[in-house]
Amino acid sequence: MKKMAEHKGCETDSDGGKKASCGTAAGENDLPPEIWEKVKNHPCYSEEAHHHYARMHVAVAPACNIQCNYCNRKYDCANESRPGVVSERLTPEQAAKKVLAVASTIPQMTVLGIAGPGDPLANPEKTFKTFDLIAKTAPDIKLCLSTNGLTLPDHVDTIARYNVDHVTITVNMVDAEVGAKIYPWIFYKHKRYTGKEAAQILTDRQMQGLEMLTERGILSKINSVMIPGINDEHLKEVNKAVKGRGAFLHNIMPLISAAEHGTVFGLTGQRGPTAQELKRLQDSCEGEMNMMRHCRQCRADAVGLLGEDRSAEFTTEKIMEMDVNYDLATRQAYQARVEEERNAVAGAKAAELQILADVESDIKILVAVATKGSGRINEHFGHASEFQIYELSTGKGAHFIGHRRVDLYCQGGYGEEDALETVIRAIKDCHAVFVAKIGGCPKKDLLAAGIEAIDEFAHEFIEKSAITYFKRYLEGVKDGSITHVEKGDAEIRPGEVAVDVVAAE
Amino acid sequence: MSLKIAVSCVNCSACEAECPNEAISAGEGIYVIDPAKCTECIGFHDDPQCALVCPVEETCVIDDNYPRYQAA
Ligand code: SF4
Ligand code: SF4
Ligand code: SF4
């Protein structure tokens, strides 16, 4: 489908420079240079970088040593990879070839992660063998891994030896009482533990592992799955605990839970959070440390820019046929151009904020943006598979707070009633939606739902357009031509858009 | 003197690495235990490791076709 074919990843000129405080940007400015060096091209660690650089995951590690109530391993790990799609499992040798094939095709691919399905550190041989092969053949690629943390302390030295400088630990609790509701059992030192005893061992090991990583200067990101009624309030305490032990970034993700996934939570009807519940929790932790807001809860074999999965281009069958020529010089030249473009737009942000310099207001509104990911409003409403959400305020200007996945409204050129309803549900908390183009009918229906569709900023920078709109909105409120209303809540549909949905278009 | 793996196996491979006797390998669609190598973990651990690590209950089960290993 278009979206994948069109994407060349080189539209890097339009991010509007550094965002005021999206994702990690707030900290990016005051980070020690050696840490900034490590994260600046890492799409998962830097919100800004994720517009420019790509990552890939290889699925070499299917075994796991704990059981989570949100996981059904028949369909991989529901909250670390998109459920319902069984990944192709690779041997370390196949994985290494895949990395070279992808890196040769996508020169802005800078990071290789191993994130299951399962726990990479419950499969240490496969995981480290893969790292070993890649370090030899593609030494410029950064390595990272995700783990549940149970065996992390045993492997920190090996992780350091392979120059893995980013580790993600999934930490859902620091209180065994809470943990017992999330983890039915763990397998540890040849025994199975259950209940609070299991959760206590798990949290002790996770915290010990995190401290050991921090001591060795390895950056740690914490993933937490927000489970309403079980750990939602508690995650504030988790945030403090991990921050105190040197974690660098906290990613609070919404629970993915549907009966058809066959997970314990899916079967007990445990719901996921709403958009505003998730935002409130992320906001309340933001003062404590950097929050990651651009996570797409990717598949364990995702390839490409975040939010734009190209894994279907790199199936094992296709890779094995590919003639791979790993040309480091070409990659570096390409990345140098990306950096030039990226630098050229840096600083534009300050100018954008100037638009709001003489306005003061307590009003904050959300707007949705249809974009192909280059920082411009450049997607047709009907082709958008996700909307980026910005919070507008006079304090922070346009502040990225996340994205909402939707089914394509326009399939083959005509609108579909049901699809439009799901779009409205996903962005109901927004006052406006910015698009490159939109038909008359959906425009009317959106307006009926209280969402203004705006196409006058087509192909312009997102932040500048949003701020211009916001200024006009505030002026309208002041002179009485606009009545400001608070909006309600919206629905989150986590995960990347399915390739088969995209391909069907 | 063996355990066997039932069709409910989801192919996660967790058991393979835990077996002290290298009795487990990937079979067609599911993992399989070589009854000639399996000792029910006796001599190594208190309980069969494959059954403890397996995420699907009742998948690594006693195979009644073989006499229990060193059964008292
Ligand atoms: S750690 Fe991941 S793979 Fe293992 S049970 Fe939990 S969610 Fe599933
Ligand atoms: S019972 Fe023990 S020896 Fe037998 S297959 Fe399972 S892990 Fe291996
Ligand atoms: S641990 Fe269980 S589900 Fe996984 S491969 Fe072994 S028998 Fe199959």
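Here the structure is shown first, and the text comes after it.
Right, let's walk through the structure included here. None of these values were measured; they are calculated from a predicted model.

1. Topic: the site of ligand 3
In the vicinity of ligand 3, the residues found are Ile5, Cys9, Val10, Asn11, Cys12, Ser13, Cys15, Tyr31, Cys54, Pro55, Thr59 and Cys60 of chain B. Here the shell around ligand 3 is composed, by residue class, of nine nonpolar, three polar and no charged.

2. Observations regarding the interface of chain B and chain A
Frequently, the measure chosen for interface size is the accessible area that the parts lose on association. On the chain A side, the residues contacting the 15 residues of chain B number 14 residues. In total, about 1200 Å² of surface goes out of reach between chain B and chain A, with carbon and sulfur atoms giving 51% of it. The tally of links from chain B across to chain A stands at two salt bridges. Ionic pairing is found between Glu57 of chain B and Arg192 of chain A, a salt bridge with its closest N-O pair at 3.3 Å. At the surface where chain B touches chain A, the tally comes to six residue pairs in polar contact (both at pLDDT 80 or more). Elements that contribute at least two residues to the side of chain B that touches chain A include exactly α1 (14-18) and α2 (49-53) of chain B. If you tally residues by element for the side of chain B that touches chain A, the top one is α2 of chain B, at four residues. For the side of chain B that touches chain A, the per-class residue count stands at eight nonpolar, four polar and three charged.

3. Notes on the nonpolar core
Residue and element names in this part refer to chain A. Among the nonpolar cores identified, the biggest contains 54 residues, and Val58, Leu112 and Ile159 are the most heavily contacted of them. Of all the elements, helix α4 (residues 92-105) adds the most residues to this core, at seven residues. Leave out the neighbours within four places in its chain, and Ile159 touches Leu121, Phe128, Leu145, Leu152, Val164, Val167 and Ile218.

4. Examining the sheet that holds strand β13 (residues 397-405) of chain A
Residues and elements named next belong to chain A. Here five strands make up an open sheet; going across it, the order is β13-β12-β11-β16-β17 and the pairing mixed. Looking at which strands have only one partner, the edges of the open sheet turn out to be β13 and β17 (452-454). Within this sheet the neighbouring strands show an average axis-to-axis angle of 25°, counted without direction. Sheet analysis places strand β16 (residues 432-434) next to β17, joined by three bridges and oriented parallel. Directly across from Ala432, in β17, lies its bridge partner Glu452.

5. Details of the environment of Met253 of chain A
Residue and element names in this part refer to chain A. Along the chain, the position of Met253 falls in strand β9 (residues 249-254). By relative accessible area, which is 2% here, Met253 ends up buried. Along the backbone, Met253 and Ile227 are 26 residues apart, and their C-alpha atoms lie at a distance of 9.1 Å.

Analysis parameters
- Residues numbered from 1 in each chain as written.
- Chains lettered and ligands numbered in written order.
- Predicted model: local features only at pLDDT ≥ 70, side-chain atom pairs only at ≥ 80, totals over all residues.
- Heavy atoms only, no water.
- Near = heavy atom within 4 Å.
- Nonpolar A, V, L, I, M, F, W, Y, C, P; charged D, E, K, R; others polar.
- Contact = heavy atoms within 4.5 Å.
- Buried area = accessible area lost by both parts, 1.4 Å probe.
- Salt bridge = Lys/Arg side-chain N within 4 Å of Asp/Glu carboxyl O.
- Polar contact = N/O pair within 3.5 Å; in protein donor to acceptor, adjacent residues only side chain to side chain.
- Helix = DSSP H or I, 4+ residues; strand = E, 2+ residues; numbered from the N terminus.
- Core = buried A, V, L, I, M, F, W, Y, C linked by side-chain atoms within 4.5 Å.
- Buried < 20%, exposed > 50% of the residue type's maximum accessible area, 1.4 Å probe, protein only.
- Pairing = 2+ DSSP bridges.
- Axes fitted to C-alpha atoms, helices over the stretch in contact; angles between N-to-C directions.

What is shown is where atoms sit, not what they do.
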